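# Coordinate inspection notes
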Amino acid sequence: MIGSQLDETITKPIAVSTEGIHKSYRSGATVTPVLEGVDLVIRREQCVFLAGPSGSGKTTLLSILGCILSPDQGRVQILDQDISTLDEQARTAIRRNRIGFVFQRFHLIRGLTSLENVCVPLTLQGMPHHKAASRAADLLDAVGLSHRAHTHSHNLSSGECQRVALARALSADPDLVLADEPTASLDATNGQEVMKLLRRLTTEEGRTAIIVTHDQRIFPFADKVFHLENGRIAETAGSTSTALLESER
Amino acid sequence: MWSIALKTLIADRGKLLTALVGVVFSIVLVNVQGGFFLGLIRKASLLVEHGQADIWVGHRKMHNVDFPRDIPQRWVNRIRAVPGVKRAEPYLIGFADMSLPSGGFEQVAVVGADQASLLGSAWNVTQGNPLALARQNAVIMDECEVQKLEFPKVGTTREIGGRRAKIVAMSHGIMGFLVTPYIFTTYDRAASYLNKSPDVCSYFLVQLEPNANVNRVCEAIQRRVPELDVFPREEYGWISINYWMTRTGLGISFGAATLLGLLVGMVIVAQTLYAMVLDRLAEFGTLKAIGATERQVCSILLIQALAMALVGSILGLLAVWGIVYFYSTPRAPIVVPVWLSLGSCLLVLVICLVASLLPYLRIRNVDPLMVLES
Ligand SMILES: Nc1ncnc2c1ncn2[C@@H]1O[C@H](COP(=O)(O)OP(=O)(O)OP(=O)(O)O)[C@@H](O)[C@H]1O
Ligand SMILES: [Mg+2]
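Along each chain, the written sequence defines residue order, and numbers are assigned to residues from 1. All chains are assigned letters beginning at A, and all ligands numbers beginning at 1, according to the order in which they are written. The predicted origin of the model limits local features to residues at a pLDDT of at least 70 and limits the giving and counting of side-chain atom pairs to 80 or more, whereas totals for whole chains, interfaces and linings rest on all residues. Side-chain numbers come from the whole structure's heavy atoms, not from hydrogens or water.

At 3.6 residues per turn, the α-helix brings residues three or four places apart onto the same side. Residue and element names in this part refer to chain B. Numbering of helices and strands runs from the N terminus, with a helix taken as a DSSP run of H or I at least four residues long and a strand as a DSSP run of E at least two residues long. In this scheme, a helix's expected span is set at 1.5 Å multiplied by one less than its residue total. The terminal C-alpha atoms of helix α7 (residues 233–248), which comprises 16 residues, lie 23 Å apart, in line with the 22 Å expected from a rise of 1.5 Å per residue. Burial classes follow relative accessibility: with a 1.4 Å probe on protein chains only, a residue under 20% of its type's maximum area counts as buried, one over 50% as exposed, and anything between as partly exposed. Among all positions in α7, only Tyr236, Gly237, Ser240, Ile241, Tyr243, Trp244 and Met245 are buried. Immediately downstream of α7, the backbone of Gly249 shows phi near 75°, a positive value.

Here the focus is a nonpolar patch on the surface. Each patch is built from residues lacking any salt bridge and having more than 30% relative accessible area; the joining distance is 9 Å for like charges and 5 Å for nonpolar side chains (Val, Leu, Ile, Met, Phe, Trp, Tyr). All accessible areas in this document rest on Shrake-Rupley with a 1.4 Å probe, and a residue is counted as covered only by the protein chains that are shown. The rule for a salt bridge is simple: a side-chain nitrogen of Lys or Arg has to be within 4 Å of a carboxyl oxygen of Asp or Glu. On the surface, Leu310(B), Val311(B), Ile314(B), Leu315(B) and Leu318(B) cluster together into a nonpolar patch covering about 470 Å² of accessible area. Assessed through its relative accessible area of 55%, Leu310(B) is described here as exposed.

Helix length check: helix α6 (residues 158–171) of chain A, at 14 residues, gives a terminal C-alpha distance of 20 Å against a target of 20 Å (1.5 Å per residue), a fit within 8%. α6(A) sits mainly inside the fold: 12 of its 14 residues count as buried. For α6(A), the secondary structure elements touched by its buried residues are β6 (99–102), α4 (114–125), α5 (129–142), β7 (176–180) and α7 (188–201) of chain A together with α9 (281–289) of chain B. The positive-phi residue at the C-terminal boundary of α6(A) is Asp173(A), with phi of around 55°. Residues are treated as being in contact if the distance between any of their heavy atoms lies within 4.5 Å.

This paragraph deals with the state of the cysteines. Any two cysteine sulfur atoms within 2.5 Å of one another count as a disulfide. Tallying each qualifying case throughout the model produces zero disulfides over all chains. With no disulfide of its own, Cys298(B) has Cys352(B) as its nearest cysteine by sulfur position, at a separation of 15 Å.

Let's shift gears to the packing of α6(A) against α7(A). Residues and elements named next belong to chain A. Axis definition: a line fitted to C-alpha atoms, over the contacting stretch in the case of helices. Angles run 0 to 180 degrees between N-to-C directions. One way to put it is that α6 packs onto α7 with a least axis distance of 11 Å and a crossing angle of 10°. Relative to α7, α6 is oriented roughly parallel. As for the relative orientation of α6 and α7, their crossing is right-handed in sense. Of α7, the residues touching α6 (which contributes Gln162, Arg163, Leu166 and Leu170) are Val194, Leu197, Leu198 and Leu201. For the contact of α6 with α7, a count of residues per class yields six nonpolar, one polar and one charged. Angles are sorted into four bins: roughly parallel if under 35 degrees, roughly antiparallel if over 145, roughly perpendicular if 65 to 115, and oblique for all others. Each crossing gets its handedness from the near helix: less than a right angle anticlockwise from the far helix is left-handed, clockwise is right-handed. Three categories are distinguished: nonpolar for Ala, Val, Leu, Ile, Met, Phe, Trp, Tyr, Cys and Pro, charged for Asp, Glu, Lys and Arg, and polar for the others, with Gly belonging to the last.

Next up, the structure:
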């Protein structure tokens, strides 16, 4: 069973690959090396977890994969594009059109309703308002929040915020969804709910998902878990998520 | 983009109100303080501005309407002969004492105008009839000055320069730069109050034919009376204003105070706006992280600055209008010309733009990464 699943994913095209990524932070004279040669390959329609101790550089790596940070060294290929060579404008375009982010603290925009928050990436793409609103409404429906569409984001519970953030990440129809500890501020039940949603709306719709987490409870949802330690990928583990999801149905 | 900008601006009511109060405050400060200043210095040219004369002719080097030198009255005929001149009349200004019922005296500025045309006589008469100046001993004074003169009324008789003066009418709002009240009367009567020979006068007031050119007529008059100075109305008004501004240091001190007020207002606006944008850096970081371009972030900021400036300016100008309406008096007039209001709005707009774009420069340097970290 596991073998056939691996075979299946290996035949999928590569979504994200990195070679020898180095990244260190400089503050004054001190240089803190964080990533010291990260190599990984993630195939399309996979749901991949990025785990590791605090301070190991998970967020840093995710930011590099999300075109937010540039590596000091190494090559990053995302969706057939070598992003190491792109300028800021092209990277912004990739962030806008091909990547969806779910931030750990949601980072919904204050003063906007759930619906308007989900609309933001579409507005940035220049989509007319009525079209954006109808797509956003569909997405809110998909995450089970249509009854909260016109609630201001500061009046939502954290579970609801998380789901709005997920809807926002998906609104521009990205190929790659990146999530930084999406379940950290949620209780066990809500965490499971969000992970189920994430899997349903990403891999099952042909997207690739990379999820940073410490949360052991949600590991079963991963196709693959990368462990980051001392600046490198220490260990890669497969998972039986598909089987688990199947048995739940 | 508009709706994102405006909705997020409204989201933080407290901050928005603080910044708006700053904008309104600066607009009010600039307009009211500037208005007081303009109101005060305008008093210096009050007679010139309202005197209905197009051209003022007076002694060489004349520098203030209230302090004229004597010129020969008969020269008026030379001016009357100049083409383009419809009317030229002698005009007399001088100081005399008015006796008060309490036994005291108060100095007054006696203004004598030609009896037939009343050119340069009192305007805005609210009590009595200005034409009653034709009657014996008749004078007109301003109702705002009654306190200084121990509350005379229309019909009251006083003595000026030892001669009888009967108040036949009162104007409203003729308060000059000096502390001495103006007393308007006819030319001959003024000469007798001032104890002057009627052969001399202070100015010749000239009115032009309908389509005569002011400057050309001025030059022509100048050729006829080379001994005198000839100025168009606006210019002599400015000369009178300039006299007080430069000789008293009023221009510098009042101007400096106004500038200081302006500065304080601007700093308040700039600071609250700057803080407001800084406070929301993370939000702009989020926008950048989900793919907003520099231009989009920039336009959100500009829209917000524009909205602030616009709303603040409108509220501020409404407040200014209210203040002028309720608090402007002849004693302390607040003159707010359109250029002052527009100028202050423009200034506020510039400050708003600069104050929101400065933190934007910081946003450019702040990575969208901060969103993932915090
Ligand atoms: N802007 C920065 N400047 C300097 N050092 C930084 C900066 N951002 C992160 N670091 C350091 O880099 C290291 C890796 O940070 P990173 O946030 O990637 O870790 P992480 O694995 O996400 O940790 P956590 O699980 O606690 O979120 C940490 O030691 C951190 O202190
Ligand atoms: Mg982290």
